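One-letter residues, chain by chain:
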There are 2 protein chains.
Amino acid sequence: MLETFNPTPRILMGPGPSNVSPRVLGALAKPTIGHLDPQFIKLMDEIKQLLQYAFVTKNEFTIALSAPGSAGMEACIVNLIEPNDKVIVCVNGVFGGRLKENIERVGAQAIVIEDTWGDPVSVGKVEHAFAMHKNVKALVFVHAETSTGACSDAKTLCNIAKQNDAITIVDAVTSLGGSELKVDEWGIDAVYSGSQKCLSCVPGLSPVSFSPKAVEILKSRKTKVPSWFLDQSLVMGYWSGEGKRSYHHTAPINSLYALHESLLMLKNEGLEQAWSRHAQLHQRLKSGLAELGIRFLVNDAHQLPQLNSILIPEGVDDAQVRTHLLNKFNLEIGAGLGQLAGKTWRVGLMGATANEQNVALLLTALKEVLV
Amino acid sequence: MLETFNPTPRILMGPGPSNVSPRVLGALAKPTIGHLDPQFIKLMDEIKQLLQYAFVTKNEFTIALSAPGSAGMEACIVNLIEPNDKVIVCVNGVFGGRLKENIERVGAQAIVIEDTWGDPVSVGKVEHAFAMHKNVKALVFVHAETSTGACSDAKTLCNIAKQNDAITIVDAVTSLGGSELKVDEWGIDAVYSGSQKCLSCVPGLSPVSFSPKAVEILKSRKTKVPSWFLDQSLVMGYWSGEGKRSYHHTAPINSLYALHESLLMLKNEGLEQAWSRHAQLHQRLKSGLAELGIRFLVNDAHQLPQLNSILIPEGVDDAQVRTHLLNKFNLEIGAGLGQLAGKTWRVGLMGATANEQNVALLLTALKEVLV
């Protein structure tokens with residue numbers, strides 16, 4: 001006989017989802033209303049405004065896509081890249097590889113720049129790729145690699161793209177709300193993120209923002225966007241129509257209530273204060289881990305505060321430790337992904353998860369398990 | 001100053017979302033856990049089992065896709081249809097037209113059968129189309145047209161497809177849980193639905209089921225699925241992996257809690273009992289509307305109980321009436337869609353919305369507004 005699901009609560013210190021606060025869960029559970037209800041249209045306008053704050057952008061086309069971050073990634077690619085376009089894509093982890101896969105599935109030409117997992121994207125290699133290839137339409141890279149914890153220099157990379165008349169498409173799934181990200185100042189043309197990382201909202205939404213130039217490229221496509229669901233020229237009529245909104249699909253109403261609340265919390269804390277909080281707690285974690293003799297995959301200069309890939313000590317059973325942390329402490333940390341499986345753990349300090357209590361718990365628990 | 005969103009509750013008698021019960025909203029708001037947590041994997045298994053019950057199928061590949069019904073539609077098309085495939089698609093409303101659009105975007109050849117909006121798909125026309133065209137890969141149609149309220153004879157249509165060695169892809173967005181739908185008995189190969197209609201869950205998920213034959217077609221494709229996010233050969237590794245599940249994307253955890261609860265409620269009521277309830281309340285609505293002199297778009301034989309398109313009486317202002325119902329009674333009914341805009345209203349009796357109280361309210365409110 002199946003019964004109502006009553007999950008044992010966990011402390012979520014993996015690569016996302018992060019812990020969702022009672023306040024956001026409360027917003028989530030408010031009564032469902034219609035997706036064309038004037039009350040809901042007003043909420044959408046506020047979400048747009050709050051996302052502009054979080055992305056530090058004035059981009060008019062700033063929305064929450066009705067699907068997870070991987071759909072946000074795909075939306076950026078399928079709307080802005082057409083078959084046979086030349087695209088430079090940087091691969092320094094799982095998500096760079098996924099971008100490459102997306103670019104190839106639209107029939108574009110992916111010029112791949114590879115870096116060691118754990119390293120940031122090499123600025124020199126990108127400059128060299130632009131020198132070797134003419135008429136590159138876009139530079140595509142991951143700002144904060146969730147699979148490694150490495151942060152790439154998005155500002156410099158975007159500048160190189162601009163000098164070469166290429167647009168930029170940037171994965172900010174793990175950076176948004178957790179560490180510095182300035183869409184307009186850095187000149188990012190298309191950016192996507194996820195609701196369940198440093199925003200600490202429930203999973204299932206992907207904040208996306210397109211610069212006016214990206215919107216222009218979308219509007220002047222030669223071919224139709226291959227995906228109807230992700231066709232942002234249609235989605236715009238629902239999210240950005242003046243006055244009357246045109247129906248495209250039924251928005252995930254309740255998840256958007258939650259996103260609104262989580263963005264309000266970010267705004268109340270202040271974006272830069274949130275970045276500092278993540279940085280401070282990362283330092284706490286790091287000094288505590290150092291005492292346990294645990295090392296990081298990524299070097300200090302490029303280490304994201306919110307996603308910490310740590311090397312599993314020699315002779316330690318990866319799965320056994322994670323299971324023990326989960327069963328005894330209700331504490332989830334993440335496994336390594338792709339080529340780092342079995343080699344690293346990923347400790348997330350994202351959004352509501354990033355507090356003193358959780359860092360203290362993790363350090364105590366890890367000490368118990370490892371010693 | 002932006003504030004926490006506190007929506008005025010509405011009675012949702014439009015084409016969906018329907019009202020979500022406090023029990024489902026309570027499930028939605030339970031603490032978020034990880035998408036690879038053993039507790040969550042067990043929940044996914046139960047959801048699969050409950051969806052099999054609702055679809056009346058033994059299909060192993062029965063899942064809830066992490067995006068709304070329109071993404072479920074697209075998933076069926078992009079996974080099972082390849083460029084240059086010949087597909088018969090039936091258009092008798094907005095959603096048939098959307099299917100055609102999806103088929104054309106994958107580069108397949110759409111053989112379009114048109115019927116008047118409000119009529120069911122013509123069995124004779126489908127037979128004729130199969131007689132005229134050889135090597136048709138699939139017959140694609142909408143079982144319950146949400147834009148008109150017409151129900152098509154899915155059983156007969158699937159039988160014709162089978163006789164012609166074609167698979168069937170069926171839109172059951174509005175039928176699932178609200179009126180008879182028997183995936184295995186009728187021989188449907190791929191079916192998709194939405195969470196926010198007769199299941200009365202929050203919007204944002206699309207239940208999907210593929211027959212073993214559909215899975216075989218997916219596995220033997222000549223080309224890659226154009227969409228990475230919707231590639232069900234990858235999604236299978238997360239939803240159907242034996243033991244260890246492989247990460248594809250972060251599932252919308254909390255929405256799946258809600259879906260589980262809404263499916264439990266359907267199972268507790270009993271599927272056939274739910275179908276009867278919708279039918280009975282439709283009869284109540286119909287006799288009440290007859291007293292007001294209001295007529296239906298669809299004739300009795302093909303009228304869906306859960307979606308009632310009624311003709312706006314002469315001289316009545318469409319928007320004014322809907323706004324009045326919303327403002328005075330907090331009662332939402334749907335506008336006409338596409339070519340029926342301004343001509344019909346759509347009154348939904350879906351899932352938790354389908355009760356005596358709501359029918360009585362609507363009749364009283366409409367009487368006040370119209371007389």
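Thresholds applied
- Residues numbered from 1 in each chain as written.
- Chains lettered and ligands numbered in written order.
- Predicted model: local features only at pLDDT ≥ 70, side-chain atom pairs only at ≥ 80, totals over all residues.
- Heavy atoms only, no water.
- UniProt positions renumbered as here; feature names shortened; annotations may be inferred.
- Helix = DSSP H or I, 4+ residues; strand = E, 2+ residues; numbered from the N terminus.
- Rg over C-alpha atoms; globule rule 2.2 N^0.38 Å.
- Buried < 20%, exposed > 50% of the residue type's maximum accessible area, 1.4 Å probe, protein only.
- Contact = heavy atoms within 4.5 Å.
- Core = buried A, V, L, I, M, F, W, Y, C linked by side-chain atoms within 4.5 Å.
- Expected span 1.5 Å × (residues − 1).
- Right-handed = clockwise from strand over helix to strand, strands pointing away.
- Pairing = 2+ DSSP bridges.
- Phe/Tyr/Trp six-rings, centres within 6.5 Å; stacked < 30°, edge-to-face > 60°.
- Lys NZ or Arg CZ within 6 Å of the ring centre and 35° of its normal.
- Buried area = accessible area lost by both parts, 1.4 Å probe.
- Salt bridge = Lys/Arg side-chain N within 4 Å of Asp/Glu carboxyl O.
- Domains from an automatic or database assignment.
- Polar contact = N/O pair within 3.5 Å; in protein donor to acceptor, adjacent residues only side chain to side chain.
- Nonpolar A, V, L, I, M, F, W, Y, C, P; charged D, E, K, R; others polar.
- Least-squares fit on C-alpha atoms with pLDDT ≥ 70 in both.
- Arc of directions from axis to C-beta.
- Axes fitted to C-alpha atoms, helices over the stretch in contact; angles between N-to-C directions.
- Parallel < 35°, antiparallel > 145°, perpendicular 65-115°, else oblique.

Annotation of chain A in UniProt includes, under Cofactor (unreviewed entry), the sentence "pyridoxal 5'-phosphate".

Participant: In this structure, what is going on with the overall build of chain A? I would like to understand it.
Facilitator: Helix and strand counts for chain A stand at 13 helices and eleven strands. What you see for chain A is a C-alpha radius of gyration of 21 Å, in line with the 21 Å of a compact globule of 371 residues. The principal-axis extent of the C-alpha atoms belonging to chain A is close to 60 × 55 × 45 Å. Relative to its full complement of 371 residues, chain A shows a buried share of 65%. Here the analysis covers contacts within chain A between residues at least 6 apart in sequence; of these, 72% occur between residues at least 24 apart.

Participant: Just checking my understanding: could you explain the environment of Thr8 of chain B for this structure?
Facilitator: With respect to the helices and strands, Thr8 of chain B occurs in the segment before strand E1 (11–13). In this structure the C-alpha to C-alpha distance between Thr8 of chain B and Gln232 of chain B, which are 224 residues apart in sequence, comes to 39 Å. For Thr8 of chain B, the contacting residues outside a window of four places in its chain are Ile33 and Gln39 of chain A together with Asn330 of chain B.

Participant: What should I look at first to understand the nonpolar core in this one?
Facilitator: The tendency in soluble globular proteins is for nonpolar side chains to be buried side by side. Formed by 203 residues in total, the largest nonpolar core has its most connected members in Phe40 and Phe210 of chain A together with Phe40 and Phe210 of chain B. Phe40 of chain A has contacts with Ile33, Gly34, His35, Tyr238, Ala251, Ile253, Leu256 and Tyr257 of chain A, leaving out every residue within four places of it along the chain.

Participant: For this particular structure, what's the right way to read the environment of Pro207 of chain A?
Facilitator: When you line up the elements, Pro207 of chain A lands in strand E8 (residues 206–210). Taking the C-alpha atoms as reference, Pro207 of chain A lies 4.1 Å from Ala64 of chain A; in sequence the two are 143 residues apart.

Participant: Can you help me understand helix H10 (residues 253–269) of chain B in this one?
Facilitator: In an α-helix, one full turn covers 3.6 residues, which means residues spaced three or four apart are oriented alike. Residue and element names in this part refer to chain B. For H10, with 17 residues, the first-to-last C-alpha span of 25 Å sits near the 24 Å given by 1.5 Å per residue. Taking burial as the measure, the 17 residues of H10 include 13 buried ones, the bulk of the element. Directly after H10, the chain includes Gly270, whose backbone phi takes a positive value near 100°.

Participant: What's the story with the pairing of strand E3 (residues 86–91) of chain A in this structure? I'm lost.
Facilitator: In the case of a regular strand, side chains alternate between the two sheet surfaces. Residues and elements named next belong to chain A. Of all six residues in E3, five are buried; the element is thus mostly enclosed. In this fold, the crossover linking E3 to strand E4 (residues 109–114) by way of helix H4 (residues 94–105) has right-handed handedness. Bridge count between E3 and strand E5 (residues 138–142): three bridges; the pairing is parallel. Residue pairing across strands places Val87 opposite Ala138, the latter belonging to E5.

Participant: When you look at the packing of aromatic side chains in this model, what are you seeing that I'm missing?
Facilitator: Centre distance and the angle of the planes are the two values used to describe a pair of aromatic rings. Going through the model one piece at a time under the given rule, you end up with six aromatic pairs over all chains. Centre to centre, the rings of Tyr247 of chain A and Phe95 of chain B are 6.4 Å apart; their planes meet at 70°, and the pair counts as edge-to-face. Remark: Phe95 of chain B occurs in helix H4 (residues 94–105) and Tyr247 of chain A occurs in the loop between helix H9 (232–239) and helix H10 (253–269); the pair is interchain, linking two chains. One residue, Lys267 of chain A, lies across the ring of Tyr53 of chain A, its end atom 5.4 Å from the ring centre.

Participant: Help me understand the interface of chain A and chain B, please; the structure alone is not making it clear to me.
Facilitator: When the parts come together, some accessible area is lost, and that loss is often what is quoted as the size of the interface. Across the boundary between the two partners, chain A contributes 71 residues, which contact 71 residues of chain B. Summed over both sides, the interface between chain A and chain B buries roughly 6,000 Å², with carbon and sulfur atoms accounting for 61% of that surface. Of all residues in chain A, Leu2, Phe5 and Arg105 of chain A give up the largest surface area on contact with chain B, accounting jointly for 14% of the area buried on that side. Linking chain A with chain B are six salt bridges. Put simply, Arg10 of chain B and Asp37 of chain A hold a salt bridge, and the shortest N to O gap is 2.6 Å.

Participant: Help me understand the domain arrangement of chain A, please; the structure alone is not making it clear to me.
Facilitator: Residues and elements named next belong to chain A. Each assigned domain of chain A is listed with its residue range as follows: domain 1 (11–17 + 271–370) and domain 2 (22–267). At the junction of the two partners, domain 1 supplies 26 residues and domain 2 supplies 30 residues. Both faces combined, the contact of domain 1 with domain 2 buries some 2,200 Å², and carbon together with sulfur accounts for 65% of it. If you sort the residues of domain 1 by the area they bury against domain 2, Leu271, Trp275 and Leu304 come out on top, with a joint share of 31%. Summed over the shared surface of domain 1 and domain 2, the number is zero salt bridges. In this assembly, domain 1 and domain 2 are joined by ten residue pairs in polar contact (both at pLDDT 80 or more). If you list the elements that add at least two residues to the side of domain 1 that touches domain 2, you get helix H11 (271–291) and strand E9 (307–311). Considering each element in turn, the side of domain 1 that touches domain 2 owes the most residues, five residues, to H11. Of the residues contributing to the side of domain 1 that touches domain 2, the split by class is 14 nonpolar, ten polar and two charged.

Participant: Quick question: what am I supposed to make of the relation of the copies chain A and chain B here?
Facilitator: Copies of the same chain, two in number, are related to each other by a rotation about an axis and a translation along it. Between chain A and chain B, which share one sequence, the superposing operator has a rotation angle of 180° and an axial displacement of 0.0 Å; the RMSD is 0.0 Å. Within this description, the copies of the chain are treated as partners about a two-fold rotation axis. Mapped onto chain B, 100% of the interface residues of chain A again fall at the interface, so both copies present the same surface.

Participant: For this particular structure, what's the right way to read unusual backbone geometry?
Facilitator: Phi is mostly negative for residues that are not glycine, and the peptide bonds are mostly trans. Residues and elements named next belong to chain A. A cis geometry characterises the amide bond from Gly16 onward to Pro17, with omega recorded as 5°. By the element assignment, Pro17 lies in the loop between strand E1 (11–13) and helix H1 (22–28). Phi angles above zero are rare outside glycine, and Ser200 is one such case at about 55°. One can find Ser200 in the loop between strand E7 (190–192) and E8.

Participant: Looking at this structure, how should I read the pattern of salt bridges?
Facilitator: Where charged atoms from two side chains of opposite charge come close, those side chains can pair. Inspection of the entire model under this criterion finds 35 salt bridges over all chains. Here Asp318 of chain A ties to Arg322 of chain A by a salt bridge, and the two come within 2.9 Å at their closest N and O atoms. Here the residue Asp318 of chain A and the residue Arg322 of chain A both occupy positions in helix H12 (residues 318–329), the gap between them amounting to four residues, near one helical turn. Relative accessible area serves as the criterion here: at 25%, Arg322 of chain A is assigned to the partly exposed category. Here Glu104 of chain B ties to Lys100 of chain B by a salt bridge, and the two come within 3.4 Å at their closest N and O atoms. With Glu104 of chain B and Lys100 of chain B both in helix H4 and four residues apart, the pair spans about one turn of that helix. Assessed through its relative accessible area of 36%, Glu104 of chain B is described here as partly exposed. Overall, the relative accessible area of 27% leaves Lys100 of chain B in the partly exposed class. Connected through salt bridges with shared partners, the residues Glu101 and Arg105 of chain A together with Lys224 and Asp231 of chain B form a single ionic network.

Participant: Mind showing me how you'd approach helix H6 (residues 154–163) of chain A here?
Facilitator: Residue and element names in this part refer to chain A. For H6, the full list of buried residues reads Ala154, Leu157, Cys158, Ile160 and Ala161. Buried positions in H6, seen along its axis, are confined to an arc of 155° and lie on one side of it. Residues of H6 that are exposed and point more than 90 degrees away from the buried face comprise Lys162 and Gln163. In this structure, the buried residues of H6 make contact with helix H5 (123–132), E5, strand E6 (167–171) and helix H7 (183–186). Backbone geometry just downstream of H6 places Asp165 in the positive-phi region, at approximately 55°.

Participant: Just checking my understanding: could you explain the packing of helix H8 (residues 212–219) of chain B against helix H9 (residues 232–239) of chain B for this structure?
Facilitator: Think of two packed helices as two axes; the pair is described by the angle between the axes and how far apart they sit. Residue and element names in this part refer to chain B. Two elements in contact, H8 and H9, have axes separated by 10 Å at closest approach and are oriented at 120°. Viewed along their axes, H8 and H9 adopt a mutual orientation that is oblique. Where H8 approaches H9, its residues Val215, Leu218 and Lys219 are matched on the opposing element by Gln232, Ser233 and Met236. Looking at side-chain class alone, the contact of H8 with H9 contains three nonpolar, two polar and one charged residues.

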